[in-house]
Amino acid sequence: METRPPIPPFNLETALQKVQLAEDAWNTQDPLRISLAYSVNSEWRNRDTFINGRAEIVKFLTKKWSKELNYRLKKELWAFHENRIAVRFEYEYQNVQSQWFRAYGNENWEFDTNGLMTRRYASINDLPIHESERRL
C-alpha cells in the first residue's frame, strides 16, 4: 500500500510539513512527481475543471505548464483538522504573450489514512501584473 507521510490525523507540525511538501513539489513543475501525492482515484476541482485520477492530473498539469511559464508558487497553511487541510496560495506566471500574472486562491484538501490526497478543491483568481510587481 502506498503511503505519503506525514499521515493524518494532522497536528500543527505535520500540517505545516504537508503544505511545504506540496509547495516544493508543485514548484518542480513535474506532473508525474506531483501526481504521486494523490490517490489513484483522487477528485479535483480546479477553477471550472473537474479532474479524476492520476492520469487526468498529469494531463491537466502538463497542459497548465505549457501555458503558464516561469511558474513560482507559495502556499500557506490556513487551517487543519484530522485528515483535512486548508491552504491559501499565490503564484506568479508568464503567459506565452509574455504577460505576467499573479494568481490567488484557496484549496481544501482531504487525505486518506495513508497520507494520499483524495480530494482537492481549488478556487483561483488571476490578476495581470507588470514584471516589476513580481514578488516570487
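In case you missed it, the structure is sitting above this.
Conventions used here
Residues numbered from 1 in each chain as written. Predicted model: local features only at pLDDT ≥ 70, side-chain atom pairs only at ≥ 80, totals over all residues. Heavy atoms only, no water. Salt bridge = Lys/Arg side-chain N within 4 Å of Asp/Glu carboxyl O. Helix = DSSP H or I, 4+ residues; strand = E, 2+ residues; numbered from the N terminus. Buried < 20%, exposed > 50% of the residue type's maximum accessible area, 1.4 Å probe, protein only. Expected span 1.5 Å × (residues − 1). Polar contact = N/O pair within 3.5 Å; in protein donor to acceptor, adjacent residues only side chain to side chain. Contact = heavy atoms within 4.5 Å. Phe/Tyr/Trp six-rings, centres within 6.5 Å; stacked < 30°, edge-to-face > 60°.

On to the pattern of salt bridges, then. Scanning the model with the defined rule gives 15 salt bridges in all. Between K74 and E23 there is a salt bridge, with its nearest N and O atoms 3.3 Å apart. Here K74, found in strand β3 (residues 69-81), pairs with E23, found in helix α1 (residues 12-28); they are 51 residues apart in sequence, far enough to count as distant. On the basis of relative accessibility, which here comes to 5%, the residue E23 falls in the buried class.

What sets the pattern is the α-helix's 3.6 residues per turn: residues three or four places apart point alike. Counted at 1.5 Å a residue, the expected span for α1 with its 17 residues is 24 Å, and the 25 Å between its end C-alpha atoms agrees. By the burial criterion, the buried members of α1 are T14, A15, K18, V19, A22, E23, A25, W26 and N27. The distance from a side-chain oxygen at the start of α1 to the backbone nitrogen of E13 is 3.0 Å, and the residue carrying that oxygen is N11. Immediately downstream of α1, the backbone of Q29 shows phi near 55°, a positive value.

Attention now goes to the environment of S66. Tracing the backbone shows S66 in helix α3 (residues 54-67). Among the polar contacts listed, one links the side chain of S66 to the backbone oxygen of K63, at a separation of 2.7 Å.

Note on placement: N114 falls in the loop between β5 (100-111) and β6 (117-129). Setting aside residues up to four positions removed in sequence, N114 forms contacts with M1, E2, T3, R4 and I7.

Let's shift gears to the packing of aromatic side chains. According to the stated counting rule, one finds 11 aromatic pairs in the structure shown. Seen in terms of ring centroids, W26 and W44 are 6.0 Å apart; in terms of plane orientation they differ by 25°. Their pairing is stacked. Residue W26 is found in helix α1, and its partner W44 is found in strand β1 (residues 38-46); the two are separated by 18 residues along the sequence. Residue classification places W26 among the buried residues on the basis of a relative accessible area of 5%. Accessibility expressed as a relative area gives 2% for W44, which makes it buried. For the pair F89 and Y91, a centre-to-centre distance of 6.1 Å together with 10° between the ring planes defines the contact as stacked. For the residue pair F89 and Y91, the accessibility class agrees, reading buried in each case. Joined through ring pairs, the aromatic side chains of W26, Y38, W44, F60, W65, Y71, F89, Y91, Y93 and F101 make up one cluster.

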